[in-house]
Amino acid sequence: MLAGLLLPSEGDVWWLGESGERVALREVDRAQVFAQVGLLAQDFPRWEMTAAANVAIGIGDRPRDMVRVRKAAGEADVLKLVDGLPHGWDSIVFKGYERGVQLSGGQWQKLGSARTRYRQAPFLLVDEPTSALDPHAEIAAFAGLWSLAEEGHAVVLVTHRLAATMHADHIYVLDQGRVVEDGTHEDLMSRKDGLYQGMFTAQAAQYGLTPVAGPVPRPRGTQPGHETAN
């Protein structure tokens, strides 16, 4: 619904118009909404095309810009991989073709991230973007999201990886489809027996860590951005 792909059965989703007025999603030109949104879902299309096409399809109605494709791939940590393929960016990222190659789940996830970065939409909706990544790649992926927020993109992150939610400007906790808590990480950690506090503590305990409710330092080189986490 936030991306405009579905309309709410009740209630409203509002966007701000050019003059700051509220516009209901059901009344706005949805093509204009789509043009403002970048969506990276946990399950995204894996096109039986070249690596270059799989990134550039992020804005497939415009001529392909390979400089921008490579930049997006570098930001998603997949540039070195694609450059090293037998046919580089002309490799077809599916087995069974003459220039076909097989990518792992984590490599596909990075390629999907590059597709979203290539789109450069003002509003990014990201759903579990690191489910197939190793810990080092996951840290780098979330740092990349923080950098996008720094650049002025509005980022809505849907995740169960609560180490990432620590750095969000605002957190909404959903239980059975309803918002049951919201606030900053510090707010939610201060709530005794709160759902977020319990989940965060349980995840931290897996690594032998002691969670704290005080201010969380942002990664080096970042400033508070527009990231929100669910």
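Residues numbered from 1 in each chain as written. Predicted model: local features only at pLDDT ≥ 70, side-chain atom pairs only at ≥ 80, totals over all residues. Heavy atoms only, no water.

Visitor: Please explain the nonpolar core as it appears in this structure.
Guide: A general tendency of soluble globular proteins is for nonpolar side chains to be buried together. Among the nonpolar cores identified, the biggest contains 33 residues, and Trp 89 and Leu 111 are the most heavily contacted of them. Elements represented by at least two residues in this core include exactly helix H2 (51-56), helix H3 (66-75), helix H5 (105-119), strand E4 (123-127), helix H6 (135-150) and strand E5 (154-158). The element best represented in this core is H6, accounting for five residues. Once residues within four sequence positions are removed from consideration, Leu 111 is found in contact with Asn 54, Val 55, Val 78, Val 82, Val 93 and Leu 103. (Core = buried A, V, L, I, M, F, W, Y, C linked by side-chain atoms within 4.5 Å. Buried < 20%, exposed > 50% of the residue type's maximum accessible area, 1.4 Å probe, protein only. Helix = DSSP H or I, 4+ residues; strand = E, 2+ residues; numbered from the N terminus. Contact = heavy atoms within 4.5 Å.)

Visitor: Mind showing me how you'd approach H3 here?
Guide: Because an α-helix packs 3.6 residues into every turn, residues spaced three or four apart end up facing the same way. Those residues of H3 lying buried are Val 69, Ala 72 and Ala 73. All buried residues of H3 lie within an arc of 100° about the axis, which places them on one face of the element. Away from the buried face of H3 by more than 90 degrees, exposed residues Val 67 and Lys 71 are located. Buried residues belonging to H3 abut H2, helix H4 (79-83) and H5. At the C-terminal side of H3, Asp 77 shows a positive phi close to 60°. (Arc of directions from axis to C-beta.)

Visitor: I tried to follow the environment of Asp 127 on my own but got confused; where do I start?
Guide: Within the secondary structure, Asp 127 is located in strand E4. Residue class for Asp 127 comes out partly exposed when judged on its relative accessible area of 28%. For the pair Asp 127 and Thr 159, spaced 32 residues apart in sequence, the C-alpha to C-alpha distance is 6.3 Å. What Asp 127 contacts, discounting residues up to four positions off in sequence, is Leu 40, Ala 41, Gln 42 and Val 158.

Visitor: In this structure, what is going on with H6? I would like to understand it.
Guide: Taking 1.5 Å of rise per residue, the 16 residues of H6 would be expected to cover 22 Å, and the 23 Å separating its terminal C-alpha atoms lies within 8% of that figure. Within H6, the full set of buried residues consists of Ala 137, Glu 138, Phe 142, Gly 144, Leu 145, Trp 146, Leu 148 and Ala 149. Once H6 ends, the next one or two residues include Gly 152, with phi positive near 105°. (Expected span 1.5 Å × (residues − 1).)

Visitor: Hey, could you run me through the packing of aromatic side chains in this one?
Guide: Where two aromatic rings form a pair, the distance of their centres and the angle of their planes describe that pair. Throughout the structure, instances matching the rule amount to three aromatic pairs. Over the ring of Trp 14 we find Arg 22, and its NZ or CZ is 4.2 Å from the ring centre. The ring of Tyr 118 is capped by Arg 68, whose NZ or CZ atom sits 5.2 Å from the centre of that ring. (Phe/Tyr/Trp six-rings, centres within 6.5 Å; stacked < 30°, edge-to-face > 60°. Lys NZ or Arg CZ within 6 Å of the ring centre and 35° of its normal.)

Visitor: Just checking my understanding: could you explain the pairing of strand E7 (residues 178-183) for this structure?
Guide: Consecutive side chains of a regular strand alternate in pointing toward one face of the sheet and then the other. Pairing of strand E6 (residues 170-175) with E7 involves five bridges; the strand directions are antiparallel. Residue Ile 171 lies in a different strand from E7, and its bridge partner there is Gly 183. Adjacent in sequence and paired antiparallel, E6 and E7 are bridged by two residues, among which Gln 176 carries a positive phi angle near 55°. (Pairing = 2+ DSSP bridges.)

Take it as geometry only, folks, not as evidence of what the structure does.
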